[in-house]
Amino acid sequence: MGMGKTGIACAQFLNQRGIPVRIMDNRAQPPGLSILRNTLPDIPYLTGEFNANWLNQAQEIILSPGLALTEATAHLTNSIPICSEIELFTRYANAPIVAITGSNGKSTVTTWLGAMAKQAGWQVQVGGNLGTPALKLLTEPAPDLYVLELSSFQLETTYHLQAKAAVILNLSEDHMDRYACFEDYKAAKQRIYQQTAIKIFNADDAAVLAMRSPDHPHFTFSLHPYQGDFHVAMEQGELCLYYQTQPLLPVSSMRLTSAIMRANALAALALAKAIDLPLVPCLKTVQEFTGLAHRCCWIGRKQNADWFNDSKGTNVGATLAAIQGLERPKQIILIAGGQGKGADFSPLRETVLAHCRACILIGEDAQLIAQALTETVPLYFETSMEMAVHRAAQLAGSGDAVLLSPACASFDMFQNYEHRGEVFTKLVQGLESGEFDHSKA
Ligand code: UMA
Ligand code: ADP
């Protein structure tokens, strides 16, 4: 079920193995349709609806992550097993798996750990929710390691992951349009620890730490001195990453030094330790990693202000981290809004009050954010990113930071978060080159 990246990868994988497959999507024009027609012309497919007969005749249903379990069960009169593409992957994976989830930081830690393994000379395949479906990572010969970013959607119908090491980086509200409550979202995430050999816990996140059972092999990480196996503490007047009592490296030697990046580095190091990656190449990678695009990236200084693209800030937790991470009390002009996914925006209130000078709101759920921010800072409503950037340019003064961190999905105005970030970046770059049309004020 589903004809996006996942569904197509499943169809191709099963077809290659001679396993009969049918594929359907309830969208009229699903994104994978032309690939299906071109690469798998003989596979029966349906679009525009789900077919109950096909579903009830299946030996097994593989559900794409964008579809909730009820979208399948609603059509079933027979008892048909339902699983994720990740479950299918676990049946064929022939190397140790590291699994990474959390509300924020998954892609960063997945990529960082993959880079560590490469630096150590290991053959490593990196993917999952990051973008490349896990089935596409199954290569001959087998690699030394799979590093998978997993979403709560993928974990819901994954039963036999058996990761060598797994982590939930942190937990804050996301996808509340899919889950009845935060507990359901948390329960989906918690499935990552099932049958995991060594579990990694964020000691600073009470909801994650509560999942630890002291007898099961594990490592913890914390941004507070000596609060986790991997932690941050002072060594001869310098802030350092530590493993237990051993200083590893000074934070100042890292390219990415913000608090969230320190936490992500500690998580990656804990995972590396759990799978016995050698320390020296890991530390080199901690120092050299420059991060991923659209995550709190500095675009440049325009109109005497610093402009940052955090388009991947698609939930409240990420936006809070971005605002706090800039460390510019009352000097941030925040551009936020889009599709709120049923989120409660009220946790933004206090941080916006302390750090922001103004908020510029765009997209479908601008009014919902505004309700949460009443009587905090001046709010401006704009109908396009162009107008939002223009408004920010008018408001920005010396020493200010303009931050795009929407706390929302982008699909109401853009193709995806990358598109949103690219549009923003281009507009900001246009400010200096004079391409910007000031008559649109
Ligand atoms: N959809 C339908 N009808 C269908 C099938 C899907 O309307 O029959 C809709 C879904 O509700 C969703 C969209 O189509 O809005 C895409 O769903 P999909 O399951 O077909 O998505 P894929 O193209 O297979 O991409 C998925 C992940 N997408 C989702 O979980 C929504 C990708 O994560 C992932 O990179 C890819 O598999 C490879 O593993 C994206 C994502 O947004 C980046 N993930 C969420 C997040 O990170 O917050 C969880
Ligand atoms: P994910 O894959 O979980 O969405 P990313 O690494 O893509 O995570 O980062 C998404 C957003 O979350 C970005 O805005 C980034 O700045 C922020 N972020 C990254 N790591 C953390 C963290 N450890 N805690 C809070 N926010 C984070």
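Structure's up top.
Residues numbered from 1 in each chain as written. Chains lettered and ligands numbered in written order. Predicted model: local features only at pLDDT ≥ 70, side-chain atom pairs only at ≥ 80, totals over all residues. Heavy atoms only, no water.

(A) Focus on the nonpolar core. Counting residues in each nonpolar core, the largest one holds 43 residues, and the members touching the most others are Met 116 and Leu 241. The greatest single-element share of this core, amounting to 11 residues, is contributed by helix 10 (residues 259–274). Filtering out sequence-adjacent residues up to four positions away, Met 116 remains in contact with Ala 268, Leu 269, Ala 272, Leu 277, Cys 282, Thr 285 and Val 286. Core analysis: the next-biggest nonpolar cluster, separate from the first, contains 42 residues, Met 3, Cys 10, Leu 155 and Tyr 179 among them. (Core = buried A, V, L, I, M, F, W, Y, C linked by side-chain atoms within 4.5 Å. Buried < 20%, exposed > 50% of the residue type's maximum accessible area, 1.4 Å probe, protein only. Helix = DSSP H or I, 4+ residues; strand = E, 2+ residues; numbered from the N terminus. Contact = heavy atoms within 4.5 Å.)

(B) Spatial organisation of the site of ligand 1. Around ligand 1, a shell composed of 19 residues is seen, among which Thr 6, Asn 26, Arg 27, Gly 66 and Asn 129 lie nearest. Between ligand 1 and Gly 128 there is a distance of 3.1 Å, counted from an oxygen atom to a backbone nitrogen or oxygen. Protein contact buries 73% of the 880 Å² of open area that ligand 1 shows by itself. Residue composition of the shell around ligand 1, by class: four nonpolar, 12 polar and three charged. (Near = heavy atom within 4 Å. Polar contact = N/O pair within 3.5 Å; in protein donor to acceptor, adjacent residues only side chain to side chain. Areas by Shrake-Rupley, 256 points an atom, 1.4 Å probe, with all protein chains shown as cover. Nonpolar A, V, L, I, M, F, W, Y, C, P; charged D, E, K, R; others polar.)

(C) Representation of helix 1 (residues 5–16). A rise of 1.5 Å per residue sets the reference length of helix 1, with its 12 residues, at 16 Å; its end C-alpha atoms lie 17 Å apart and thus fit the reference within 8%. Within helix 1, nine of the 12 residues are buried, which leaves it mostly tucked inside the rest of the structure. Packed against the buried residues of helix 1 are strand 1 (23–25), helix 2 (33–39), strand 3 (61–62) and helix 5 (85–92). Count one or two residues on from helix 1 and you reach Gly 18, which has phi positive near 75°. (Expected span 1.5 Å × (residues − 1).)

(D) Representation of the environment of Thr 6 within the structure. Turning to its location among the elements, Thr 6 is positioned in helix 1. Residue Thr 6 is classed as buried on the basis of its relative accessible area of 14%. Distance in space between the C-alpha atoms of Thr 6 and Leu 241 is 38 Å, their sequence separation being 235 residues. What Thr 6 contacts, discounting residues up to four positions off in sequence, is Ser 64, Pro 65, Glu 85 and Pro 133.

(E) Quick look at the pattern of salt bridges. What the rule picks out here adds up to 10 salt bridges. Arg 27 is the partner of Asp 25 in a salt bridge, and the nearest nitrogen-oxygen pair spans 2.8 Å. For Arg 27, a relative accessible area of 39% puts it in the partly exposed group. When the shortest N-O distance is used, the salt bridge between Glu 156 and Arg 178 registers 3.4 Å. Here Arg 178 lies in the loop between strand 8 (165–168) and helix 8 (182–190) and Glu 156 lies in helix 7 (residues 152–156), a separation of 22 residues in the sequence. Because the salt bridges share partners, they merge into one network encompassing Arg 301, Asp 306 and Arg 328. (Salt bridge = Lys/Arg side-chain N within 4 Å of Asp/Glu carboxyl O.)

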